[in-house]
There are 2 protein chains.
Amino acid sequence: MITNPEGAREILLTRGIKPTYQRQTILRAVLEKRTHPTIKALYDHLLPAIPTLSKTTLYSTLELFASRGLVSRLSIDSGEARYDGFAAPHHHFLCEACGAIIDLDIACPAARRGQVDGHKIKEIHGYFKGVCKDCQSHVQYKIPRRLSHA
Amino acid sequence: MITNPEGAREILLTRGIKPTYQRQTILRAVLEKRTHPTIKALYDHLLPAIPTLSKTTLYSTLELFASRGLVSRLSIDSGEARYDGFAAPHHHFLCEACGAIIDLDIACPAARRGQVDGHKIKEIHGYFKGVCKDCQSHVQYKIPRRLSHA
DNA sequence: ATACAATTTGTAATGATTACAAATCCAGAG
DNA sequence: CTCTGGATTTGTAATCATTACAAATTGTAT
Ligand SMILES: [Mn+2]
Ligand SMILES: [Mn+2]
Ligand SMILES: [Zn+2]
Ligand SMILES: [Zn+2]
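In this report, we go over the structure that sits alongside the text. (Residues numbered from 1 in each chain as written. Chains lettered and ligands numbered in written order. Predicted model: local features only at pLDDT ≥ 70, side-chain atom pairs only at ≥ 80, totals over all residues. Heavy atoms only, no water.)

Concerning the pairing of strand 3 (residues 91-95) of chain A
It is a general feature of regular strands that their side chains alternate between the two faces of the sheet. Residues and elements named next belong to chain A. Quick reminder of the rule: Only protein chains enter the accessibility calculation, which uses a 1.4 Å probe; a residue is then buried when its area is under 20% of its type maximum, exposed when over 50%, and partly exposed in between. Note on conventions: DSSP H or I runs of at least 4 residues are helices, E runs of at least 2 residues are strands, and numbering of each starts at the N terminus. Here, strands pair whenever DSSP counts at least two bridges between them.
Among the five residues that make up strand 3, five are buried, leaving the element largely enclosed by the rest of the structure. Residues His91, Phe93 and Cys95 line one face of strand 3 and the alternating positions His92 and Leu94 line the opposite face, and both faces are buried. Here strand 3 runs beside strand 4 (residues 101-104); their pairing, made up of four bridges, is antiparallel. For His91, the partnering residue across the bridge sits in strand 4 and is Leu104. Taking the residues that link successive antiparallel strands as the turn, the strand 3-strand 4 hairpin has five residues, and the phi of Gly99 there is positive, at about 80°.

Regarding the side chain of A:His92
All names here are of chain A. Selection rule: Whether two residues are in contact is decided by their heavy atoms: any pair within 4.5 Å suffices.
Tracing the backbone through its elements, the reader meets His92 in strand 3. When its relative accessible area of 2% is taken as the criterion, His92 is described as buried. Residue contacts for His92: discarding those within four places in its chain leaves His36, Leu74, Ile76, Asp84, Ile101, Ile102, Asp103, Leu104, Gly126, Tyr127 and Phe128.

Comments concerning the coordination of the zinc ion (ligand 3)
Residues and elements named next belong to chain A. Defined as follows: The rule for donors is simple: an N, O or S atom within 2.8 Å of the metal counts, and for Na, K and Ca the reach is 3.2 Å. Water is not among the atoms, so a site may look short of donors. Any site counts as irregular unless it has four donors with all angles between 85 and 135 degrees, making it tetrahedral, or four or six donors with opposite ones more than 155 degrees apart and the rest between 65 and 115, making it square planar or octahedral.
The coordination sphere of the zinc ion (ligand 3) contains the protein donors Cys95 (SG), Cys98 (SG), Cys132 (SG) and Cys135 (SG), at a distance range of 2.3 to 2.4 Å. Bound by four donor atoms, the zinc ion (ligand 3) shows angles of 105 to 123° at the metal and therefore tetrahedral coordination geometry. Judged by relative accessible area, which is 0%, Cys95 ranks as buried.

Some details on unusual backbone geometry
Peptide bonds are trans in most cases, and residues, glycine excluded, mostly fall at negative phi. Not every positive phi belongs to a glycine, and A:His36 is a case in point at roughly 55°. Here A:His36 lies in the loop between helix 2 (21-32) and helix 3 (39-46). Since its relative accessible area comes to 2%, A:His36 is described here as buried. With a phi angle near 55°, B:Asp117 is a residue other than glycine that sits in the positive phi range. Take B:Asp117: it is sitting in the loop between strand 5 (115-116) and strand 6 (119-131).

In structure tokens form, the structure reads like this:
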């Protein structure tokens, strides 16, 4: 949701992160892609824009972003991590048929309170798994997909 | 929560699983351990009882149990998977200080309905991360612990 | 005892992530 | 402008959980 070309740079500056070309480009990608991409997907997507990009840079940059609250890392299944540029806490639905990860808007009472049973909450991860609305209307799965560790 | 020595055997039989010695012993361990153990923890715990045990057997057996609803597999962080013998859906709290995984009893409206936004729900994973009640009352962390991928 | 299928086991392969050091970049000093 | 030190980026190797696969073992029916 960056509206102007300078958006990524300004976001980085407000967080005290030096806005290098790599960081701006990576941030733009993770903010624009609403698919909760994996490292591999981001790497393939970014290679044209950053021909020298290394996966190590992706890992370290995304960890930097996550530590500053710019992105969140999802461990929705035991395979590859996924990155979400929509940083506000929200729940996710993983479709076991097409593999899509869909944002959910579910009110979580515990989140508001900031604690459960006296335990202080710093992160909330709500994961639902099943068959998405779109896949239910088809008889066959759209994309035969191997879910990791399935 | 097996009350008699034959409990594990009977549970396996009711699920149509041949109750071998390994399976009974593994099932007993995962039902009795309420710590959401990793494969490695289960392996170390079971080695005295099953000296010939291989990790491959643990992986395949726990996957068999999970597919029959006897246990659930948690992906609460991107490191090792954890196994839960308490199969009824419930939420979890991971303490970033001591590493404990604590069961929570939180009502989830979406779970009752069986769907969200038209997506059919088959699994629910509610993960909270933070500092548990016990660790908050101590100034120092009890066990300096390396959280995976931290 | 024999044969056969299921189960268990050991080893190798896979694949994501991390560790680490060399290469590169870049802002400031002179 | 040139030099320089620290931050950043990159490439390669190591780590580690998990899976693949085939051999060994087990148990049961004939
Ligand atoms: Mn999301
Ligand atoms: Mn539990
Ligand atoms: Zn789908
Ligand atoms: Zn704790």
